[in-house]
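# Descriptive analysis of the structure
The lines below spell out each chain.
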Amino acid sequence: MREPPITHLQSFSGENMALFMVISGLLFVLLVCICTALLRWNELRYSKKGLPPGTMGWPIFGETTEFLKQGPNFMINQRARYGSFFKSHILGCPTAVSMDPELNRYILMNEAKGLVPGYPQSMLDILGKCNIAAVHGSTHKLMRGALLALISPTMIREQLLPKIDEFMRTFLCNWDNKVIDLQEKTKQMAFLSSLKQIATAESTSVALEFMPEFFKLVLGTLSLPIDLPGTNYRRGLQARKIILRILGQLIEERRGSEESHKDMLGYLMRKDDSNRHKLSDAEIIDQIITILYSGYETVSTTSMMAVKYLHDHPRVLEELRKEHMAIRERKRPEDPIEWNDLKPMKFTRAVIFETSRLATIVNGVLRKTTEEMELNGFVIPKGWRIYVYTREINYDPFTYPDPLAFNPRRWMDKSLESQSNFLIFGGGTRQCPGKELGIAEISTFLHYFVTRYRWEEVGGEKLIKFPRVEAPNGLHIRVSSY
């Protein structure tokens, strides 16, 4: 049979397809050339003589995507290529990354020598310009003094611990025979406990509106500062505005009342001589946001991961429970946890430290140069961030033998806590001022949890540990009475 003739329409379609393929190929080649040129241009921008080796990625975005997605692997790969001190561009800033323990200690101890806090712009915008992590010099001294007065051992003993105990006792009621999302519960616990310490009388009435906005604020602090609809940064800024209104109204209502309040906000608002660190309303609000933010991350995540590790290590759980049952046996059922009960919780403290180390709740801290300076033989320009990356120290086998094992007993040797490598709670002049308050909260949570309940995991959900430790689908456990 004779083949049917090719019509003009078929010929035209074939030519169009060929033309489309040629144009697509040219556009692809052009796009590759443009991308290569942009990468090359960005590298040339930061090729000043004396800078540390490294790569800078894309203009504006830098290597933020790789940093957030690959996390520790990104750092390890860069160190393998460039050594323990290299340059990058992350979270909107040109950054020198230090993975050198000795250099890290020097940076943390020398804030007065041209190194100040250098947190990402998103964090500064959302937490506020007056937050303790953002200020330095005399302002930092004032803000830190005000914060330390709120969380001193006397304040913890007399004011805060009774509030923490009352809250935990109530919060941990009625979990028997339920499947709960431990991640959600520990987030609520950390936020609501802090809110009760800050504004005791009003904590219940403002919590419903405050809590969801606070969670949006937290997500926005670790994002690119691109103010577009739908971004975590935009949501964080909007949440901050709502939180400012809530706290501003709270302050105004208290000023209009003659009632005295024995809580953190009451202390911050005092105008008499007992308050040596008088702050403006804007500083008070940023101080409250800072207290909520810093306590929330540490307490919620450490509590969740401690329960996870205790479930996976029954012998450790047995030893911890024994410690708390001994405390409970000395008390009547209605008696609270008091200051003197915290000191015997030595193994509990060890569990908290080991959880923080192994889960790496905090990966590092950021500093910024106020002038051009030399570090490790390299020149760091003025205005650059320095990322003191402490995560790898937590897995150093010389400091922590068998570093991937969950072994709280290693912390029973008190000298480990006093070592210069101990950076779990920060270091230098910026060591976490709320360390002991956080330990008191987690200890009280664990006390009521392990003396009341036993539990098993449901579903084996995935955990990710960078940039934040979290369970994307929650961490569900089935709880029963002990």
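Residues numbered from 1 in each chain as written. Predicted model: local features only at pLDDT ≥ 70, side-chain atom pairs only at ≥ 80, totals over all residues. Heavy atoms only, no water.

A separate point is the environment of Arg-270. Here Arg-270 is to be found in the loop between helix H11 (264–269) and helix H12 (281–312). Sequence separation between Arg-270 and Ser-260 is ten residues; the distance between their C-alpha atoms is 9.5 Å. (Helix = DSSP H or I, 4+ residues; strand = E, 2+ residues; numbered from the N terminus.)

Here the focus is the sheet that holds strand E3 (residues 115–117). The five strands lie next to each other as E1-E2-E8-E5-E3, forming an open sheet whose pairing is mixed. The sheet is open, and its two edges are formed by strand E1 (85–90) and E3, each paired on a single side. Within this sheet the neighbouring strands show an average axis-to-axis angle of 35°, counted without direction. Bridge count for E3 against strand E5 (residues 364–369) is three bridges, and the pairing is antiparallel. The residue bridging Val-116 from the neighbouring strand is Lys-368, located in E5. Its contacts with the sheet place helix H3 (residues 72–82) against E1, strand E2 (93–98) and strand E8 (385–389), and it is angled at close to 135° to E1. This element, helix H4 (residues 101–109), spans E1, E2, E3, E5 and E8 of the sheet and lies at about 125° to E8. (Pairing = 2+ DSSP bridges. Axes fitted to C-alpha atoms, helices over the stretch in contact; angles between N-to-C directions. Contact = heavy atoms within 4.5 Å.)

On to the packing of H12 against helix H13 (residues 314–329). Contact pair H12 / H13: the axes reach a minimum separation of 5 Å and the direction vectors enclose 115°. Regarding the angle of H12 to H13, the classification is roughly perpendicular. From H12, Leu-310, His-311 and Asp-312 reach across to H13, where they touch Pro-314, Val-316, Leu-317 and Leu-320. Along the lines of polarity and charge, the residues of the contact of H12 with H13 split into five nonpolar, one polar and one charged. (Parallel < 35°, antiparallel > 145°, perpendicular 65-115°, else oblique. Nonpolar A, V, L, I, M, F, W, Y, C, P; charged D, E, K, R; others polar.)

Attention shifts here to the pattern of salt bridges. By the definition in use, this model includes 25 salt bridges. For the salt bridge of Asp-227 with Arg-234, the shortest nitrogen-to-oxygen distance reads 2.4 Å. Note on Asp-227: relative accessible area 41%, which makes it partly exposed. The closest approach of N and O atoms between Arg-254 and Asp-263, which form a salt bridge, is 2.7 Å. (Salt bridge = Lys/Arg side-chain N within 4 Å of Asp/Glu carboxyl O. Buried < 20%, exposed > 50% of the residue type's maximum accessible area, 1.4 Å probe, protein only.)

Where helix H8 (residues 182–198) meets helix H17 (residues 435–452), the axes come as close as 12 Å, and the angle between the chain directions of the two elements is 125°. As summarised for this structure, H8 and H17 are arranged oblique, according to the angle between their axes. Judged by the sense of rotation from one axis to the other, the crossing of H8 with H17 is right-handed. Note on element contacts: H17 touches H8 through Leu-437, Glu-441 and Phe-445, opposite Thr-186, Met-189, Ser-193, Ser-194 and Gln-197. Counted by class, the contact of H8 with H17 contains three nonpolar, four polar and one charged residues. (Left-handed = near helix turned anticlockwise from the far one by under 90°.)

What follows covers the environment of Pro-72. Within the fold, Pro-72 resides in helix H3. Placed 395 residues apart in sequence, Pro-72 and Pro-467 show a C-alpha to C-alpha distance of 8.9 Å. Among residues more than four places away in sequence, those in contact with Pro-72 are Tyr-389, Arg-391 and Phe-466.

For the structure shown, the criterion picks out 21 aromatic pairs. Plain terms: the ring middles of Phe-67 and Tyr-387 are 6.0 Å apart, the flat faces sit at 85° to each other, and that makes the pair edge-to-face. Here Phe-67, found in helix H2 (residues 64–70), pairs with Tyr-387, found in strand E8; they are 320 residues apart in sequence, far enough to count as distant. A relative accessible area of 4% means that Phe-67 is categorised as buried. Put simply, the rings of Phe-167, Phe-171, Trp-175, Phe-445, Phe-449, Tyr-453 and Trp-455 pair up and form one aromatic cluster. Here Lys-185 stacks its cationic end above the ring of Phe-171, 5.7 Å away from the centre of that ring. For the cation-ring pair, Arg-321 lies above Tyr-482, with the distance from its terminal atom to the ring centre recorded as 4.1 Å. (Phe/Tyr/Trp six-rings, centres within 6.5 Å; stacked < 30°, edge-to-face > 60°. Lys NZ or Arg CZ within 6 Å of the ring centre and 35° of its normal.)

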